[in-house]
Amino acid sequence: MSGAGGVRLGTPTGRAVIAVAALGSGMTLLDGTVVNVALRSIGEDLDASLAELQWITNGYLLSLASLILLGGSLGDRFGRRRVFVVGTVWFAGASLLCGLAPTPEVLILARVLQGVGGAMLTPGSLAMIQGAFAHDDRARAIGAWSGLGGIATALGPFVGGVLIDQASWRWIFLVNAPLALVTIVVAQRAVPESRDPHASAHLDLAGALLATAALGGTTYALIQWGGALAPYGGGLAVLAGAAFVLVERREREPMLDLGVFADRTFSAANAMTLLVYAALGAILFFLTLQLQTVGGYSALAAGTATLPMTLCLLLLAARGGALGARIGPRLPLTVGPLVMAVGTLLLLRIGDDVVYWRDVLPGITVFGLGLVLLVAPLTATVLAAAPDEHAGIASGVNNAVSRAGSLLAVAALPVAVGLGGEQYADPVALDAAYSSALLVCAGLLVAGGTLSWLTIRNPAVLR
């Protein structure tokens, strides 16, 4: 199978493709949720500063966002299943290094390496679905993938909290090894290969390096804002970003074909993704710290506090995908972020006298319902706006944008709200910063919903 496939949703092959895609992306989602829960424990065990905790989160996001375009391109050219499997093996190896890290510096390096593996397997998970399934089944397949991926996200905080409280934060990384093994075995046995038949073996390494330098410089400048070297990071980001655009325009076979942005729907959906996922990443970062430092929650309690959000995704994501396919993406992509903004404002009630049923459950549930409206229609919109032969690149762009949004928000918001040094362990300082951060996040979500209403048009997707 080289181009668009004809696999049907209810067949054994269809179920295998969705299962493998969900397992692979589920590992990355698992780490995203669990690492936030573990940050306080990691900080205490390794004597890490807030900046180091930010890098433990952002080191992974940096390499993932920078290289995910290359990962999507590699899948289109060399086989989406093949690159997905290689990425899964790499991710598992880097996870073992994370679990054995003796210092914050080693953990940050291991997280960067983990992101490299994630950059290969993450776009492959969606591209395998896009390349394998018949056109009429893709929206429902994406919805099912989103829901099954929610299983890992739902289990992650609970399993991670138990491991952190009863054993060590190190086990949240070590559990990736058996998950990776199952993923690889099923992929090799049951998932058909797909690729872009017109792709060559050329690699745009210059583009990948410049993308990494641009995001890395921006992240460093934001985290170290006010430091002596911060302007140099910002300067590097500007120069590398400009060079990236020039290289991609002149490159015979670029990592990122800038022509995909000529489609208005594709560009608008990715701009909205940047805003929404910036808010999502910052909310999860601040919420778990707030619950533990200010609310006095254990790692397990803080992790399971977000369970209603992931249960919403697990139970309703497929229906969200079907709704988007039936009525078009404009309304779900507008209402979803606005509902998430309401949930964010409800979470402002969390303080030192937090009562879960009163202060956490309503906000996190409303937030999850908004996310349900958003996730599957957004992914389907982005993929539908690009030609089938660029499925890997389209998936890579959207994943890169979502990770970059979280990366930049986690880097910038602590500084913007006056949090630094060891203040993440100070209940008074963190409580004030938390309120300010969530107000900013609500504003980002409102901006994302407004942008969707103004720019997304249904006929451009439902063609």
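Below is a summary of the structure that appears in this document. Note that the structure is predicted; figures quoted are calculated from it, not measured.

It is worth spelling out the packing of aromatic side chains at this point. By convention here, two paired aromatic rings are described through the distance between centres and the angle between planes. Following the criterion strictly, the structure yields 5 aromatic pairs and no others. Ring geometry for Trp169 and Phe173: centres 6.3 Å apart, planes at 90°, overall edge-to-face. Considered together, Trp169 and Phe173 belong to a single accessibility category, that of buried residues. Plain terms: the ring middles of Phe285 and Phe286 are 5.6 Å apart, the flat faces sit at 80° to each other, and that makes the pair edge-to-face. One Lys or Arg, Arg330, reaches over the ring of Trp453 and ends 3.6 Å from the middle of that ring.

Not every positive phi belongs to a glycine, and Asp47 is a case in point at roughly 55°. Looking at where Asp47 falls in the secondary structure, it is placed in the loop between α1 (12–46) and α2 (50–78). Judged by its relative accessible area of 63%, Asp47 falls in the exposed class.

It is worth spelling out the packing of helix α3 (residues 80–100) against helix α4 (residues 104–132) at this point. Between α3 and α4, the shortest axis-to-axis distance is 7 Å and the interhelical angle comes to 155°. In terms of axis orientation, α3 runs roughly antiparallel to α4. Crossing of α3 over α4 shows left-handed handedness. Looking at the contact of α3 with α4 residue by residue, the class counts come to 16 nonpolar, 9 polar and 3 charged.

With that settled, the discussion passes to empty space enclosed by the protein. Tallied over the full model, the rule gives 2 cavities of 30 Å³ or more. Quantified by volume, the second largest cavity comes out at close to 70 Å³. The wall of the second largest cavity is formed by Thr33, Asn36, Val37, Pro157, Leu284, Thr288, Thr306 and Met309. Those elements that provide at least two residues to the lining of the second largest cavity are α1 and α10 (264–294). For the lining of the second largest cavity, the element with the most residues is α1, which contributes 3 residues. Of the residues belonging to the lining of the second largest cavity, the class tally is 4 nonpolar, 4 polar and no charged.

This brings us to a nonpolar patch on the surface. Together, Ile327, Leu331, Val335, Trp453 and Leu454 make up a nonpolar patch on the protein surface, roughly 440 Å² of accessible area in all. When contributions to the nonpolar patch are tallied by element, the ones reaching two or more residues are α13 (330–346) and α16 (427–455). Mapped onto the elements of the fold, Ile327 is located in helix α12 (residues 307–327).

Attention now moves to the packing of α13 against α16. For the pair α13 and α16, interaxial distance at closest approach is 8 Å and the crossing angle is 165°. On the basis of their axis angle, the class for α13 and α16 is roughly antiparallel. For α13 against α16, the interelement crossing comes out left-handed. Across the interface between the two elements, Arg330, Leu331, Leu333, Thr334, Pro337, Leu338, Met340, Ala341, Thr344 and Leu345 from α13 touch Leu438, Leu439, Cys441, Ala442, Leu445, Val446, Gly448, Gly449, Ser452 and Trp453 from α16. Taken together, the residues that form the contact of α13 with α16 break down as 14 nonpolar, 5 polar and 1 charged.

Rolled over the atoms, a probe as big as a water molecule pinpoints where empty space is left. By volume, the largest pocket is sized at about 550 Å³. With 5 residues, the single largest contributor to the lining of the largest pocket is helix α15 (residues 391–416). Among the residues forming the lining of the largest pocket, the class breakdown is 17 nonpolar, 5 polar and no charged.

This brings us to helix α9 (residues 230–250). Look at α9: 31 Å from first C-alpha to last across 21 residues, which is about the 30 Å you get at 1.5 Å a residue. All buried positions along α9 are accounted for by Ala230, Gly233, Ala237, Ala240, Phe244 and Glu248. When α9 is viewed along its axis, its buried side chains cluster within an angular range of 80° and face the same direction. Turned more than 90 degrees away from the buried face of α9 sit Pro231, Tyr232, Val238, Leu239, Arg249 and Arg250, all of them exposed. Contacts from the buried residues of α9 go to α8 (205–223).

Rules used throughout
- As a convention, each chain's residues are numbered from 1 in the sequence order in which they are written.
- Local features are withheld for residues below a pLDDT of 70 in this predicted model, meaning they are given only at 70 or higher, and side-chain atom pairs are given and counted only at 80 or more; totals for whole chains, interfaces and linings count all residues.
- No hydrogens and no water enter the side-chain calculation; it runs on all heavy atoms of the structure.
- Stacked, tilted and edge-to-face pairs are distinguished by plane angle, under 30 degrees for stacked and over 60 for edge-to-face with tilted covering the rest, among Phe, Tyr and Trp rings (Trp via its six-membered ring) whose centres lie within 6.5 Å.
- Think of it in three bands: with a 1.4 Å probe and only protein chains considered, a residue is buried below 20% of the maximum accessible area for its type, exposed above 50%, and partly exposed in between.
- Throughout this description, the term charge over a ring refers to an Arg CZ or Lys NZ atom that lies within 6 Å of the ring centre and within 35 degrees of the ring normal.
- Per the convention used, a helix needs a DSSP run of H or I reaching at least four residues, while a strand needs a run of E reaching at least two, with both numbered from the N terminus.
- Here, axes are lines fitted to C-alpha atoms. For helices the fit covers the stretch in contact, and angles between N-to-C directions go from 0 to 180 degrees.
- Geometric relationships in this document are graded by angle, where less than 35 degrees denotes roughly parallel, more than 145 denotes roughly antiparallel, 65 to 115 denotes roughly perpendicular, and other angles denote oblique.
- Note: crossing handedness is left-handed where the near helix turns anticlockwise from the far helix by less than a right angle, and right-handed where it turns clockwise.
- When residues are grouped by polarity, Ala, Val, Leu, Ile, Met, Phe, Trp, Tyr, Cys and Pro land in nonpolar, Asp, Glu, Lys and Arg in charged, and all others, Gly among them, in polar.
- Think of a 1 Å grid over the protein atoms and nothing else: a 1.4 Å probe that fits but is trapped marks a cavity, an open set flanked by protein within 12 Å on at least five of seven lines marks a pocket, and residues with an atom within 4 Å of a point count as lining.
- Grid points are joined across faces, edges and corners, and a volume is the space filled by probe spheres set on the points.
- Patch criteria: residues need more than 30% relative accessible area and no salt bridge. Like-charged residues are merged within 9 Å; nonpolar side chains of Val, Leu, Ile, Met, Phe, Trp and Tyr are merged within 5 Å.
- The protein chains shown are the only cover counted for residues, whose accessible areas, like all others here, come from Shrake-Rupley with a 1.4 Å probe.
- A side-chain nitrogen of Lys or Arg and a carboxyl oxygen of Asp or Glu constitute a salt bridge if their distance falls within 4 Å.
- Contacts are assigned to residue pairs with any non-hydrogen atoms lying within 4.5 Å of each other.
- By this rule, a helix spans an expected 1.5 Å times one less than how many residues it contains.
- As used here, the arc is the angular range of directions from the helix axis to the C-beta atoms.

All quantities given are derived from atomic positions and should not be read as evidence of function.
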